[in-house]
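# Architecture at a glance
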Amino acid sequence: MTEIDMLTMAYPPLIVFAAALLVLVLPRILGFALGALSLASVVAVALFAPEGAHLTGTFLGFAEIQPFYIDDFTRMMGVALGFLGTFAVIYAYSSEASKTMAAFALAYVASAVGAAFAGDWLVLVFMWEIMALTSTLLVWQYGGDAVRAGYRYALAHGIGGSLMLFAVIAHYAQVGTFAYGEGVNYADALLAGGIADGLPLLLAVLGIGVNVAFVGFHTWLPDTYPRPHFAASVFLAAFTTKTSAYILLRAVPEGNIYLAYMGGLMAVYGVVFALLQHDMRALLSYHIQAQLGYMVAGIGIGTAIGAAGAMGHLFNNVLYKSLLFMAVGVVIYRTQENDLYKLGGLWREMPLTAIAFFIGALSITAVPGFSGFISKGMVLDAADPSYYGGSEYQALYWLLFIGAIGTFLSFIKLGYYVFFHGESDREVRDSKPGQTTAMLSVGGACVVLGLPAVGWPVFTDLLPLIDGTGFIGPGGAEQTLTPYSMGHLQDAAILIAISAVGFKIIRKPLSKLDYSDPALIVNPAMYHLGRGTMRVTTWTYATVDAAVVNFVTSCYWIGNNPALAVDAAARRLPMVDVEERRAADGGRPSTIHLRTGIGTTVLLLTILLTVVLWLLIT
């Protein structure tokens, strides 16, 4: 067996999960080092394992499963998640994260990696549910406000996971297999067939929509990510939403115009409420929704450049969004302050952190020379009728362009108020060596993968559906990527100019605004709905219980005193004179003991219903 063949036996999620367990028992530095190495090994497996399904088997003797599947998509996901995870562990170690937090984080990463490498819907939904559980534990571990936010997070992802499970069951009932299937699009070059049409597809899109923060389904995102340990936010920013965007592409490979426009709405909605935030991590959380909008839009457009741009933007977001959370986390760690308006002038105190932040900011805003410029440009080109988009996507292009302006404004605001506005009245130290290593390593990737001529072709060659710098256009013709064409550079210059002037105009009015997201009304609304539903349920139970007990007691009394029962009924009739009789039981009240707890009642009812169903079936 060659070394390459041995890689097919190295199941990446199992390697990372084993490291999660060992972190708890090993000395702290050794445990964290092992965690980082386990994630580095994921990158190696993703790059060098041969294509195809590995470690295949059957589930309960009736369904073929493919837990370890290698293709262009899983390679890209493995590289992105493994690379970022490696430096996130180093960052967490230097940020005084506990061994317990590291164990939960690694278990969470292991489940996300498992979802990324899955080759069928059954394994995917299993890993997805574990991802929801482990990420909730990662949030809860911090305590305080994170506990209640974690409960809301768990409810949201429980609903999304349940919808996805029902979708997979319905898909199996319709097509008879859990496997992704054979390639069906772009001359069999896109990816395996998606979820079956009809009810399975509807349930899948709704379930995935929770995790990718569709507008209205997104409230868990800004509610949860600002609350746990700042190092935990780095992990959370990279894995759940990005893995879910990848799953969305697997589910809807042919795209959908409504899905595309949902992405445009997400891009605009996210940046609007990011601009209104005071809390730095809340601002970044809303920008997760906004950047996911570009991925959803590219997936919805359904062309090769749209899907490739979406996956490229996913890859980049794993890097620069986590980098931004790292930089902001260092600021919080050193200043103990979350409100960006209470900071200022920190670039002199924290130059390395400022450099890392601005690398991330220039990447997410798609400035030429940084990786975000390549992937965001691909999605915009996929929507723009002047490039590769159809006329039906003209409005989508403008939504995405407005989102790009809002992104610039948000990060000009965040960078200005944290690092440049006024003079700092604090004497704080810069990032610790481990934090600096993690930030500059991830930031270095953002720079290298966006470099003109030499860097960006390496990046695009990693993407599915792109062969070097070429791809299949909407009409089936071979096209070549030209991100640094004069037209693209002019568009970037216009975007930067509008944003710079716009921030100058809105800076003062914006600092006085403090509006919360109206969609957050869903949190108290669901609380009161749940509380009211529970009260109605318990009141109904008590009422039915009392009625049944009274009925049975009355029947028992009538059985003991039939003559008195007839007399009592006769007295209710007009013009009837009834003599008084002595009770057969000597006047003692008739009693019967029927009281029992809810659990026993449920057990008895379950047994009764089981017997009834058995009689009906037989």
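What counts and how
Residues numbered from 1 in each chain as written. Predicted model: local features only at pLDDT ≥ 70, side-chain atom pairs only at ≥ 80, totals over all residues. Heavy atoms only, no water. Helix = DSSP H or I, 4+ residues; strand = E, 2+ residues; numbered from the N terminus. Buried < 20%, exposed > 50% of the residue type's maximum accessible area, 1.4 Å probe, protein only. Contact = heavy atoms within 4.5 Å. Areas by Shrake-Rupley, 256 points an atom, 1.4 Å probe, with all protein chains shown as cover. pLDDT = per-residue confidence, 0-100. Phe/Tyr/Trp six-rings, centres within 6.5 Å; stacked < 30°, edge-to-face > 60°. Lys NZ or Arg CZ within 6 Å of the ring centre and 35° of its normal. Salt bridge = Lys/Arg side-chain N within 4 Å of Asp/Glu carboxyl O. Axes fitted to C-alpha atoms, helices over the stretch in contact; angles between N-to-C directions. Parallel < 35°, antiparallel > 145°, perpendicular 65-115°, else oblique. Nonpolar A, V, L, I, M, F, W, Y, C, P; charged D, E, K, R; others polar. Core = buried A, V, L, I, M, F, W, Y, C linked by side-chain atoms within 4.5 Å. Arc of directions from axis to C-beta. Left-handed = near helix turned anticlockwise from the far one by under 90°. Expected span 1.5 Å × (residues − 1). Polar contact = N/O pair within 3.5 Å; in protein donor to acceptor, adjacent residues only side chain to side chain.

## Description of the overall build of the protein chain
Check the secondary structure of the protein chain and you find 23 helices and 6 strands. Out of the 618 residues belonging to the protein chain, those deemed buried represent 52%. The long-range share in the protein chain, meaning contacts at least 24 apart out of those at least 6 apart in sequence, stands at 79%. Surface accessibility of the protein chain: about 26,800 Å² in total, with carbon and sulfur atoms responsible for 67%.

## A short note on the confidence of the model for the protein chain
Per-residue pLDDT for the protein chain averages 88, and the proportion of residues at 70 or more is 89%. Within the model, pLDDT remains below 50 along residues 182-191, and this stretch shows 24 contacts once partners closer than five positions in the same chain are excluded.

## Notes on the packing of aromatic side chains
Counting across every chain of the model gives 30 aromatic pairs. Judged by centre distance (6.2 Å) and plane angle (90 degrees), the ring pair of tyrosine 91 and phenylalanine 230 falls under edge-to-face. A residue pair is termed long-range when its members are at least 10 positions apart, and tyrosine 91 in helix α4 (residues 72-94) and phenylalanine 230 in helix α10 (residues 230-238) qualify at 139 residues. Taken together, the aromatic side chains of Trp347, Phe357, Phe358, Phe419 and Phe420 make up a single cluster linked through ring pairs. In this structure, arginine 28 is placed above the aromatic ring of phenylalanine 32, and the distance from its NZ or CZ to the ring centre is 4.7 Å. Over the face of the ring belonging to tyrosine 294 we find lysine 376, whose NZ or CZ atom lies 4.8 Å from the ring centre.

## Here's the deal with the side chain of histidine 287
Among the structural elements, histidine 287 can be located in helix α13 (residues 280-301). Dropping the residues within four chain positions of it, histidine 287 is found in contact with Val271, Ala274, Lys321, Gly406, Thr407, Ser410 and Phe411.

## Notes on the pattern of salt bridges
Inspection of the entire model under this criterion finds 4 salt bridges. The partner of arginine 152 in a salt bridge is aspartate 223, with the nearest N and O atoms 2.7 Å apart. Of the two residues, arginine 152 sits in helix α7 (residues 145-175) while aspartate 223 sits in helix α9 (residues 220-224), which places them 71 residues apart along the sequence. Two residues, arginine 227 and aspartate 223, come together in a salt bridge whose shortest N-O distance is 3.2 Å. Under the relative-accessibility criterion, arginine 227 is labelled partly exposed at 31%. The class for aspartate 223 is buried, based on a relative accessible area of 6%. Among the ionic contacts, a cluster of salt bridges with common partners joins Arg152, Asp223 and Arg227.

## Quick word on the environment of tyrosine 294
Its place among the elements puts tyrosine 294 in helix α13. The class for tyrosine 294 is buried, based on a relative accessible area of 0%. Considering only alpha carbons, one finds tyrosine 294 and lysine 376, 82 residues apart in sequence, at a separation of 7.3 Å. Other than its neighbours up to four places away in sequence, tyrosine 294 contacts Ala267, His313, Lys376, Val379, Leu400, Gly403 and Ala404.

## A few points about the packing of α4 against α10
When two helices pack together, you describe them by how their axes are tilted relative to each other and by the distance separating the axes. At their nearest, the axes of α4 and α10 sit 10 Å apart, and the two run at 175 degrees to each other. Comparing their axes, α10 and α4 come out roughly antiparallel. Contacts from Leu81, Leu84, Ala88, Val89, Tyr91 and Ala92 in α4 reach Phe230, Ala231, Val234, Phe235 and Ala238 in α10. Counted by class, the contact of α4 with α10 contains 11 nonpolar, no polar and no charged residues.

## Section: the nonpolar core
Among the nonpolar cores identified, the biggest contains 182 residues, and Met164, Phe235 and Leu414 are the most heavily contacted of them. Of the residues forming this core, the biggest block, 20 residues, is contributed by helix α14 (residues 304-335). Those residues in contact with leucine 414 that sit more than four places away from it in its chain are Met280, Leu283, Leu284, Val328, Leu340 and Phe357.

## Notes on unusual backbone geometry
The phi dihedral of alanine 366 is positive, around 65 degrees, even though this residue is not glycine. Positionally, alanine 366 belongs in the loop between α15 (351-364) and α16 (371-383). Of note in this structure, leucine 465 is not a glycine but carries a positive phi near 75 degrees. Looking at the secondary structure, you find leucine 465 in the loop between α19 (456-462) and β5 (470-472). The exposure class of leucine 465 is buried, given its relative accessible area of 16%.

## Points about helix α2 (residues 12-25)
Taken as a whole, α2 has its buried residues at Pro12, Pro13, Val16, Ala19, Ala20 and Val23. Across the axial projection of α2, the buried residues extend over an arc of 125 degrees, all falling on one side. Away from its buried face by more than 90 degrees, α2 exposes Leu14 and Val25. At its buried positions, α2 is contacted by α3 (28-48), β4 (68-70), α5 (99-117) and α6 (121-140).

## Regarding the packing of α14 against α16
As a packed pair, α14 and α16 sit with axes 8 Å apart at the nearest point and diverge in direction by 150 degrees. The orientation of α14 relative to α16 falls into the category roughly antiparallel. Of the two possible hands of crossing, α14 and α16 adopt the one that is left-handed. Across the interface between the two elements, Ile305, Gly306, Ala308, Gly309, Ala310, Gly312, His313, Asn316 and Tyr320 of α14 pack against Ser371, Gly372, Ser375, Lys376, Met378, Val379, Asp381 and Ala382 of α16. For the contact of α14 with α16, the per-class residue count stands at 7 nonpolar, 8 polar and 2 charged.

## Some thoughts on the environment of leucine 346
Within the secondary structure, leucine 346 sits in the loop between α14 and α15. In this structure, the C-alpha to C-alpha distance between leucine 346 and glycine 422, residues 76 residues apart in sequence, is 9.2 Å. The contact partners of leucine 346, leaving out residues within four places of it in the chain, are Val331, Thr335, Val418, Phe419, Ser424 and Val428.

## What about α4?
Between its first and last C-alpha, α4 extends 34 Å over 23 residues, near the 33 Å set by a 1.5 Å rise per residue. Across the 23 residues of α4, 19 count as buried, placing the element largely inside the fold. Measuring from the side-chain oxygen of the N-cap residue of α4 to the backbone nitrogen of phenylalanine 73 gives 3.0 Å; that N-cap residue is aspartate 71. Downstream of α4 by one or two residues, glutamate 96 has phi in the positive range, about 65 degrees.

## Some thoughts on the side chain of threonine 86
Note on placement: threonine 86 falls in helix α4. The exposure class assigned to threonine 86 is buried, which follows from its relative accessible area of 11%. Only 2.8 Å separates the side chain of threonine 86 from the backbone oxygen of glycine 82, close enough to count as a polar contact. Setting aside chain neighbours within four positions, we find threonine 86 in contact with Ala36, Leu39 and Ala40.

## Some points on the environment of valine 271
Tracing the backbone shows valine 271 in helix α12 (residues 257-275). Sequence separation between valine 271 and tyrosine 286 is 15 residues; the distance between their C-alpha atoms is 6.7 Å.

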